[in-house]
Structure formats: structure tokens, C-alpha cells
Amino acid sequence: MSYKEALVGRRGFLRDAGLFSLLAQVSWPRFLKAAPGRNGSAGGVYARLGVRPLINAAGTYTTLSACVMPREVRKAMEEAGESHVSIPELQAAVGKRIAELLGVEAALVTAGSAAALTLGTAACVAGKDTEKIRRLPDLEGMKTEVIIQKSHRFAYDHAVRAVGVKLVEVESRAEMEKSISGRTALMLFLNSADPKGQVKRAEFVEVARKTGVPCMIDAAADTPPASHLSEYNKMGFDLVCFSGGKGLQGPQCSGLLLGRKDLIEAAFLNGSPHSDSVGRAAKVGKEEIVGLLVALELYLKRDHKAQWKDWEQQVESILGAVKSVAAVKKAEMFVPEIANETPHARIVWDPQILPLKRKDVARRLQEGEPRIEVRPSAEDEPVVEVAVWMLQPKEYRIVARRLREVLLSPTV
Ligand SMILES: *Cc1c(COP(=O)(O)O)cnc(C)c1O
């Protein structure tokens, strides 16, 4: 072999090697093999830790890290992290901007909807009184009760009880009115429980208005639709709580408290950066404050109709992949009421043909490659539910293929 031949051969080899490594960088081989890696170095970080990333076909569950932020949000957070800033100044500026965007009186970025519940409650109990703020959760000399409908009790009311208050459970409007006294600090409403309670939103606000007691609503997971972001303030709720890391796709540890100016100012004083406050543990940093604002701006600009259509198409595609499976009895689209209000897929199979329960199918999807998480539902039923709104581009195809494989073979 001449020098020239060797060189050409070598060049050819290098060219092939170059092409090979180029191909390896193209997203599809990684995309087919595993979920990680699509987001730049994310796969690398998790791989080094031995933590397996997952395809989120469940929804905005905190346990599953809720959402993936759009690139613009991640970039804004990185930029926010490049210099120091005064947190009170940043909170005031961002709060003002958010209030303008949503057409509400005032706004505060919190560490989540749970943090918003704590800060909102503290605001109603201690107000702006430094002495009282320092004393919480010791309520001496302060109002001690929060009224809630029995059917509205939920896990996150712990964030309200953390302030030291006692929840007073009521059922009817008459009972509600009778329970309001000089000890009542607040009336609390869980938005997603509206169909279950006797007193609906508008009537609840009416009772609060009549008695002069502030009322707060937790609508953490209740965007979309975008209209919810200002609807409850307009309806008359004094304080409204949202998660930043759910439908808004902002930082996972961010949230919004929206409402009356005096209460929002008091809420800020009852939390970080104020060291001696009940809400100090729910700290929010400059990156989250900026990240949530940018996420909200993006969210409000989004073409929600087009996005809905895209979600529907993804659901249809998943349903189409499993419809022809013999064991599948029903494959349908559904939209949950109020919270997580987006198109989902529900697949029901005949346990006589496919002797599996939901938990078996969920485990097989979890254990497969890539790991897929589906929506939590009744563990022993022959039904699986899939959310598409937190899927990354094209992941619905993997979900469709894996679901089909699992439903086709009880031994997969
Ligand atoms: C998720 C959720 C919360 C908690 O929200 P974070 O933003 O994670 O603090 C509170 N209330 C309800 C109804 C929720 O769905």
C-alpha cells in the first residue's frame, strides 16, 4: 500500500468515523434508545448519578418533577443567576409586572402553591405586624380559625395549618355563616373540589364579602385554561394560589399568590427573605422569580387552541396504536374536570384476555426502556390513563409503541 493509498484510506476512515460520530449526535438514535439526553447534558447528569430519567405520561406530578421548562425559561434563569440582586427589589418589580399581565391588584412569586397557601394564611393572621409575624405559629392575640367545607379538606391544607390555625369544617351555607366569628381569620376554598361542596365559588365569595372575612382559593393545578389565572380574582377571591411548575411550565419550586395589595404585601413580610417568619423555609431565589415571570409571559402568548389540537392528535395516535389489540375493550379520549384539564387517553382491557391489573401494566412501562410513567388511577382495575401534555416532542410515539407491546403480550 502506497503512502497515498494509506492516506486516502486513512482519510476515508476518518471521514467514516466523522460521519459515525455525527450520526451519534443526531437526536434520533438517542431518542429511540432512551429518554435522557434530549435536553443537552441532562442525560449526562442523571446517568452519572445512576438515576433513570423518565417519559412523563402521567402529568404535572411533583414526584415526577412536574414539568420540563421551555428553553427560554431555562435561559432566563441562567441569566438571572449571573449577577447579584436585591430580592425585595426583584420581588416588587416582578410582582408588579405579573399583576399587570394578569390584570390583578397584586402578585407575589412564592416557592409553590403550597407556599402561597402558607404565606396567604400568615398574611390574614399576622398581617404586617412585625411582632405577630415573629410569634407565628403561636397565635396568642390573633385570629385562630380557618373555615373550610368538609369536602374541600385536602393534603395541602397542611400548608395552612402550619401557621398554627385550626380548620373549622362546615357543610351547608347556614353552617358556614354560623361558624364565622371574631376568631375567623380566613375562608379557604379548594378549586378542584367545587363540584363536591354544597357552597360553590360565587356563593362562597358572597358569604365572605358579607362577613368581611378574607377568602383564599387554591387553584394550583388549574391552568389550562389560561383564563383561570385572573378569573378567581375577578370573582372576588382576596387571594388566589397557583403552582408555577405545573401547567405554566415554570420552575418546579415556584408558584403565585395573587390578590389584594395589602394582603400580598403582608404575605411577603411573612416569608423569605425575612429570617424570623413562618414562611422563611419556603425560600424563592432570583432564578425562580425570573423564571416564573418568563414562563408566564410565554404561557400567555401561546396559541392555546393549536396546542390543544396537538394534544388531541397525540392522544388519537396513542389510541390508534392500541385499538386493534384484541384485549382492548375501550380506547377513549377524556378531559379531567378542573385540575389537569387537558386531553388524556384511557385504555380499558378485558382481564379475561389480558390477566393484568393497572399496576402490572404501569410497572412494565416503568421497567421498560425507556422508563414511562402513566397517570395514577385505581391499581387493581384493568385500565390505564395517559397524559400527553408533559410529553416532550415525539415521545407520544414511544408511549404508543410501548403500550401496544405491553397490552399485546402478558409476558412482556
Ligand atoms: C400541586 C398542588 C399543590 C402544591 O403545589 P406546589 O406548587 O407543588 O407547592 C397545592 N394544591 C393543589 C390542589 C395541588 O394540586
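Being a predicted model, the structure only gives us computed values, none of them experimental.

Participant: How should I be thinking about the sheet that holds strand S7 (residues 239–243) in this particular structure?
Facilitator: Note: strands within a sheet are paired through backbone hydrogen bonds, in either parallel or antiparallel orientation. Strand order in the open sheet made by the 7 strands is S2-S8-S7-S6-S5-S3-S4, with mixed pairing throughout. Looking at the sheet topology across the chains shown, the edges are occupied by strand S2 (106–110) and strand S4 (166–170). Going across the sheet, the axis of each strand differs from the next one's by a mean of 25°, ignoring polarity. In this sheet, strand S8 (residues 255–259) lies alongside S2 in antiparallel orientation, the contact comprising 5 bridges. Bridge pairing in S8 links Ala106 to Gly259.

Participant: I keep staring at the site of the ligand and nothing clicks. Help me out?
Facilitator: Neighbouring the ligand are Thr62, Gly112, Ser113, Ala114, Phe154, Tyr156, Leu190, Asp218, Ala220, Ala221, Ser243 and Lys246. Residue Ala114 places a main-chain N or O atom 2.9 Å away from an oxygen atom belonging to the ligand. Within the side chain of Ser243, an N or O atom sits 2.7 Å from an oxygen atom of the ligand. Considered on its own, the ligand offers 380 Å² of accessible surface; in the complex 82% of this is hidden by protein. Residues of the shell around the ligand, tallied by class, amount to 6 nonpolar, 4 polar and 2 charged.

Participant: Would you take a moment to explain the nonpolar core for this structure?
Facilitator: In this structure, Ile98, Met176, Met187, Phe204, Phe237, Phe242 and Leu258 are the most contacted members of the largest nonpolar core, which totals 46 residues. With 8 residues, helix H13 (residues 286–301) is the single largest residue contributor to this core. Apart from residues no more than four positions distant in its own chain, Phe237 is found in contact with Phe189, Arg201, Phe204, Val205, Cys215, Met216, Ile217 and Tyr232.

Participant: Honestly, the pairing of S7 in this entry has me stumped. Any pointers?
Facilitator: Two faces make up the sheet, and in a regular strand the side chains alternate between them. Summarising burial for S7: 5 of the 5 residues are buried, a large majority. Of the pairings in the sheet, the one linking strand S6 (residues 215–218) to S7 comprises 3 bridges and is parallel in character. When the bridges of S7 are listed, Asp218 appears paired with Cys241. For the handedness criterion, the β-α-β arrangement of S6, helix H11 (residues 228–235) and S7 is classed as right-handed.

Participant: Can you walk me through the packing of helix H6 (residues 113–126) against helix H12 (residues 261–269) in this structure?
Facilitator: What describes two packed helices is the angle between their axes and the distance between those same axes. For the pair H6 and H12, interaxial distance at closest approach is 8 Å and the crossing angle is 110°. Looking at the two axes, H6 sits roughly perpendicular to H12. Only Leu263, Ala266 and Ala267 of H12 make contact with H6, whose side of the interface consists of Leu119, Ala123 and Cys124. Split by residue class, the contact of H6 with H12 holds 6 nonpolar, no polar and no charged.

Participant: Sorry if this is basic, but what is going on with the packing of aromatic side chains here?
Facilitator: How two aromatic rings sit relative to each other is set out by the distance from centre to centre and by the angle between their planes. Under the criterion given, the structure shown has 6 aromatic pairs. Taken together, the ring pairs connect Phe189, Phe204 and Phe237 into an aromatic cluster. Positioned above the aromatic ring of Phe334 is the side chain of Arg346, whose terminal nitrogen or guanidinium carbon lies 3.9 Å from the ring centre.

Participant: Please clarify how the environment of Val278 should be interpreted in this entry.
Facilitator: For Val278, the position within the fold is in the loop between H12 and H13. Sequence separation between Val278 and Thr118 is 160 residues; the distance between their C-alpha atoms is 8.1 Å.

Participant: Would you mind going over the packing of helix H4 (residues 71–80) against H13 with me for this structure?
Facilitator: Between H4 and H13, the least distance of the axes is 8 Å, while the angle of their chain directions is 150°. The orientation of H4 with respect to H13, classified from their angle, is roughly antiparallel. Between H4 and H13 lies a crossing whose hand is right-handed. Two secondary-structure elements touch here, H4 through Glu72, Val73, Ala76, Met77 and Ala80 and H13 through Lys286, Glu287, Glu288, Val290, Gly291, Val294, Ala295 and Leu298. Tallied by class, residues from the contact of H4 with H13 come to 8 nonpolar, 1 polar and 4 charged.

Participant: How should the pattern of salt bridges be read in this particular structure?
Facilitator: Proximity of charged atoms lets side chains of opposite charge pair with each other. Under the counting rule described, the total for this entry stands at 29 salt bridges. Its salt-bridge partner being Arg363, residue Glu367 comes within 3.8 Å of it at the nearest N-O pair. Pair noted here: Glu367 and Arg363 are both in helix H15 (residues 358–367), with a separation of 4 residues, about one helical turn. When its relative accessible area of 54% is taken as the criterion, Glu367 is described as exposed. Residue Arg402 pairs with Glu405 through a salt bridge whose shortest N-O separation is 2.6 Å. Residue Arg402 and its partner Glu405 are located together in helix H16 (residues 395–408), separated by 3 residues, close to a single helical turn. The class for Arg402 is buried, based on a relative accessible area of 7%. Counted as one network, the salt bridges with shared partners bring together Arg173, Glu177, Glu203, Glu206 and Lys210.

Participant: What should I look at first to understand the side chain of His152 in this one?
Facilitator: Looking at the element boundaries, His152 is found in the loop between strand S3 (145–149) and helix H8 (158–161). The class for His152 is buried, based on a relative accessible area of 0%. In this structure the side chain of His152 is engaged in a polar contact, spanning 3.4 Å, whose partner is the backbone oxygen of Ala193. Not counting residues up to four positions away in its chain, the partners in contact with His152 are Phe189, Leu190, Ala193, Asp194 and Gly197.

Participant: Quick question: what am I supposed to make of the sheet that holds strand S9 (residues 328–334) here?
Facilitator: Spatially, 3 strands are ordered S9-S10-S12 in an open sheet, and the strand pairing comes out antiparallel. Strand pairing shows two members of the sheet lacking a second neighbour, S9 and strand S12 (383–387), which therefore form its edges. Pairwise comparison of adjacent strand axes, ignoring direction, gives a mean angle of 15° for this sheet. Of the strand pairs in this sheet, S9 and strand S10 (residues 344–349) are connected by 6 bridges, and their pairing is antiparallel. From the neighbouring strand, Ala331 faces S10, where its bridge partner is Ile347.

About the cut-offs
Residues numbered from 1 in each chain as written. Predicted model: local features only at pLDDT ≥ 70, side-chain atom pairs only at ≥ 80, totals over all residues. Heavy atoms only, no water. Pairing = 2+ DSSP bridges. Helix = DSSP H or I, 4+ residues; strand = E, 2+ residues; numbered from the N terminus. Axes fitted to C-alpha atoms, helices over the stretch in contact; angles between N-to-C directions. Near = heavy atom within 4 Å. Polar contact = N/O pair within 3.5 Å; in protein donor to acceptor, adjacent residues only side chain to side chain. Areas by Shrake-Rupley, 256 points an atom, 1.4 Å probe, with all protein chains shown as cover. Nonpolar A, V, L, I, M, F, W, Y, C, P; charged D, E, K, R; others polar. Core = buried A, V, L, I, M, F, W, Y, C linked by side-chain atoms within 4.5 Å. Buried < 20%, exposed > 50% of the residue type's maximum accessible area, 1.4 Å probe, protein only. Contact = heavy atoms within 4.5 Å. Right-handed = clockwise from strand over helix to strand, strands pointing away. Parallel < 35°, antiparallel > 145°, perpendicular 65-115°, else oblique. Phe/Tyr/Trp six-rings, centres within 6.5 Å; stacked < 30°, edge-to-face > 60°. Lys NZ or Arg CZ within 6 Å of the ring centre and 35° of its normal. Left-handed = near helix turned anticlockwise from the far one by under 90°. Salt bridge = Lys/Arg side-chain N within 4 Å of Asp/Glu carboxyl O.

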